[in-house]
Amino acid sequence: MPTGYMENSISYSSIEDVQLLSWENAPKYCLQLTIPGGTVLLQAANSYLRDQWFHSLQWKKKIYKYKKVLSNPSRLEVVLKEIRTLVDMALTSPLQDESIHQAPLEIVSRLLSENTNLTTQEHENIIVAIAPLLENNHPPPDLCEFFCKHCRERPRSMVVIEVFTPVVQRILKHNMDFGKCPRLRLFTQEYILALNELNAGMEVVKKFIHSMHGPTGQCPHPRVLPNLVAVCLAAIYSCYEEFINSRDNSPSLKEIRNGCQQPCDRKPNLPLRLLHTSPDLVSQEATLTESRLKSVIVTSNEIHVEVERNNTANQKMTANVGNDSEPNLIDCLMVSPTCSTMSIELSPQADRVLGCYVEILKMLSNYDDWRPALASLLQPIPFPKEALAHEKFTKELKYVIQRFAEDPRQEVHSCLLSVRAGKDGWFQLYSPGGVACDDDGELFASMVHILMGSCYKTKKFLLSLAENKLGPCMLLALRGNQTMVEILCLMLEYNIIDNKDTQLQIISTLESTDVGKKMYEQLCDRQRELKELQRKGGPTRLTLPSKSTDADLARLLSSGSFGNLENLSLAFTNVTSACAEHLIKLPSLRQLNLWSTQFGDAGLRLLSEHLTMLQVLNLCETPVTDAGLLALSSMKSLCSLNMNSTKLSADTYEDLKAKLPNLKEVDVRYTEAW
């Protein structure tokens, strides 16, 4: 009898039977395979390996049988019976492998794709038969396509609710990358649309979203939100696919931005201005007022672009802030666009899809624990410019942006701003003059209010407003908006506006309302106090007693002249970031000791913008973090910096060393960088 390794392979189809040798004195750990013409004994190293072989061979043998039977179905009753047996076999198999459950699903998927003459009821019977396998396994791509078709054709079928719901829930909870399995995303998308077709419509969708979040305040599944947002973005993109594909037949944004200087059949040799379109568009110049001249409409398929003949010079009213970059169209100093220049008419089906998925984004923004991640996922703006030019879309999405603007958490409302210079964010999009602004600046005022109340009360933010949004700020201040009145006062206080005529116009605006007049009077009082404070004289060194507060420091600095003060120690006092507003008024300050105070990131940002000549700074045992410490990179005169016992990271430390050329003494003990 031959022994040793097999010289020729044995096909699974030729195996007639597989048995464990169990008789007395039988060779240990052996399997007996019955094949045409004899038997083969396989000997394993141990019983565990032998059992693995046995169950694997049994599985392969049966799978081959079911493939053969279901490849040529005769009657549906037989097919259903075989599918149920196949599913039971997969569920009861002791083998632990992904292919054990995937192989039956692939067989059924092939059966459905090759037999297109099956009735809808037969389809549903097959789906119900394989349902147990779908509880713990993603459906293969072909099966996803079949499920999508069923959702579209029979959205009210009970199969959608009873069978597809747990499958979609599993996809949303466990899927890591829709890019690798786009049909899973498409199936989820069609399932949600099917829910929306039920009698209760969006109420059913809302209950489904709530079931995915869970009843507690914190969703236990971290992948649910990113997957839901991915589905929403893909669905919204699909609504505008027709317009996106037709871009080649219409003037491009680059052509519009450059004024279409090169003549061609479809490009008029005229400067173009798109008033209600993509935030990528850049205008020739920002203006406070524009003369409305004769307009010509150039039609290109579904998209209409307004062409303006501008034969007169526009008067510019911009702050001299040292920025020569060309302002974006959505930063024009207009309260609202004069007309909507991009006309997008969606098909009824696309309109329903858009309404459904924008509503889902609204639902997601209502969950406090999801809002920070949602804001991050929507930054930078992930929607196509055709969507941003569609009035219905931006009007509906405004609710989401409003929720971000109302959230006091910095990680949420900071996502309203653009991620980098030259790339517009939601703040620019919904500002007066922006393509999505339809409320004369109400949302803009809310956004400015929350940003100013957080950590954006800085020169940089005010410079941006002065350069791009001065007109809207003045108009809203004229209407009594307190936030805008405060903005204008800060622009005057921080000397943001250099142009004298503009300063006088701001003062006139402030004095035109009661709240503005009051704040301007307070500003004048502060300026007189500042002038007295900065008058030469007073001590060169000053140390506050321990446990002094912000109010104590304010009282002290208002008591006389401190124009000569170079060294100030607030060590072991109870001052906070609020005292930064007083510290930045000291013109000669070169050394500042904040050891063991509650001075934080917000105060550090303010110091870095105003006290650029500071040479020595002690932040030992303060609650500052990387967010505030990174701002120190603008203080080029720093030669001594103590960050002992702070939350300084190694990366931030390396960054500061690279950007502070005069830094000679650094203390980073008891930090990550130590």
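As a reminder, the structure under discussion sits directly above these lines.
Owing to the predicted nature of the structure, the values given are computational and were not obtained by experimental measurement.

Overview of the packing of aromatic side chains
Okay, so step 1: Applying the stated criterion to the full structure yields 14 aromatic pairs.
Okay, so step 2: Taken together, a centroid distance of 6.4 Å and an interplanar angle of 75° make the contact between Tyr240 and Phe393 edge-to-face. Placement of Tyr240 in the loop between α9 (224–239) and α10 (241–245) and of Phe393 in helix α15 (residues 391–406) is noted, with a sequence separation of 153 residues between them. An identical accessibility class is assigned to Tyr240 and Phe393; each is buried.
Okay, so step 3: Site record: aromatic cluster; members linked through ring pairs are Tyr240, Phe383, Phe393, Trp426 and Tyr430.
Okay, so step 4: The residue whose ring lies beneath Lys65 is Tyr66, and the NZ or CZ to ring-centre distance is 5.0 Å.

Focus: the pattern of salt bridges
Okay, so step 1: Enumeration according to the criterion identifies 21 salt bridges in this entry.
Okay, so step 2: With a shortest N-O distance of 2.8 Å, Asp351 and Lys392 are connected by a salt bridge. In this pair, Asp351 sits in helix α12 (residues 348–365) while Lys392 sits in helix α15, placing the two residues 41 residues apart along the sequence.
Okay, so step 3: Residue classification places Asp351 among the partly exposed positions, given a relative accessible area of 28%.
Okay, so step 4: Among the ionic pairs, Asp655 bridges to Lys659, the shortest N-O distance being 3.5 Å.

Quick word on the sheet that holds strand β11 (residues 665–667)
Strands belonging to one sheet form pairs held by backbone hydrogen bonds; the direction of such a pair is parallel or antiparallel.
Okay, so step 1: Strands sit in the order β6-β7-β8-β9-β10-β11 across an open sheet of six strands; the sheet is parallel. Because the sheet does not close on itself, it has two edges, and the strands there are β6 (541–543) and β11. Averaged over all pairs of adjacent strands, the angle between their axes in this sheet comes to 5°, without regard to strand direction.
Okay, so step 2: Note that β6 and strand β7 (residues 567–569) share three bridges and pair parallel. Bridging across to β7, Arg541 finds its partner in Asn567.

Brief notes about the sheet that holds strand β1 (residues 17–20)
Okay, so step 1: What the three strands build is an open sheet, ordered β1-β2-β3; its pairing is antiparallel. Either end of the sheet is taken by a strand with one partner, and the two such strands are β1 and β3 (38–43). Between one strand axis and the next, the sheet turns by 25° as a mean value, whatever way the strands run.
Okay, so step 2: As paired strands, strand β2 (residues 30–35) and β3 are joined by six bridges and run antiparallel to one another. Opposite Gln32, over in β3, you have Leu41 as the bridge partner.
Okay, so step 3: Sheet strands in contact with helix α1 (residues 47–71) are β1, β2 and β3, and its direction is about 160° off that of β1.

A word on unusual backbone geometry
Most peptide bonds take the trans configuration, and most residues that are not glycine carry a negative phi.
Okay, so step 1: Pro380 follows Gln379 through a cis peptide bond whose omega is -5°.
Okay, so step 2: Relative to the helices and strands, Pro380 resides in the loop between α13 (371–377) and α14 (385–388).
Okay, so step 3: Within the chain, Ser596 stands out as a residue other than glycine whose phi angle is a positive 55°.

A closer look at empty space enclosed by the protein
Okay, so step 1: Evaluation of the coordinates by the stated rule reveals two cavities of 30 Å³ or more.
Okay, so step 2: As a volume, the largest cavity reaches approximately 50 Å³.
Okay, so step 3: The element best represented in the lining of the largest cavity is helix α5 (residues 141–153), accounting for four residues.
Okay, so step 4: Looking at the lining of the largest cavity residue by residue, the class counts come to one nonpolar, three polar and three charged.

Rules and cut-offs
Residues numbered from 1 in each chain as written. Predicted model: local features only at pLDDT ≥ 70, side-chain atom pairs only at ≥ 80, totals over all residues. Heavy atoms only, no water. Phe/Tyr/Trp six-rings, centres within 6.5 Å; stacked < 30°, edge-to-face > 60°. Helix = DSSP H or I, 4+ residues; strand = E, 2+ residues; numbered from the N terminus. Buried < 20%, exposed > 50% of the residue type's maximum accessible area, 1.4 Å probe, protein only. Lys NZ or Arg CZ within 6 Å of the ring centre and 35° of its normal. Salt bridge = Lys/Arg side-chain N within 4 Å of Asp/Glu carboxyl O. Pairing = 2+ DSSP bridges. Axes fitted to C-alpha atoms, helices over the stretch in contact; angles between N-to-C directions. Contact = heavy atoms within 4.5 Å. 1 Å grid on protein atoms, 1.4 Å probe; cavity = no way out; pocket = protein on both sides within 12 Å on 5 of 7 lines; lining within 4 Å. Points joined across faces, edges and corners; volume = space filled by probe spheres on them. Nonpolar A, V, L, I, M, F, W, Y, C, P; charged D, E, K, R; others polar.

By themselves, these figures tell us nothing about what the structure is for.
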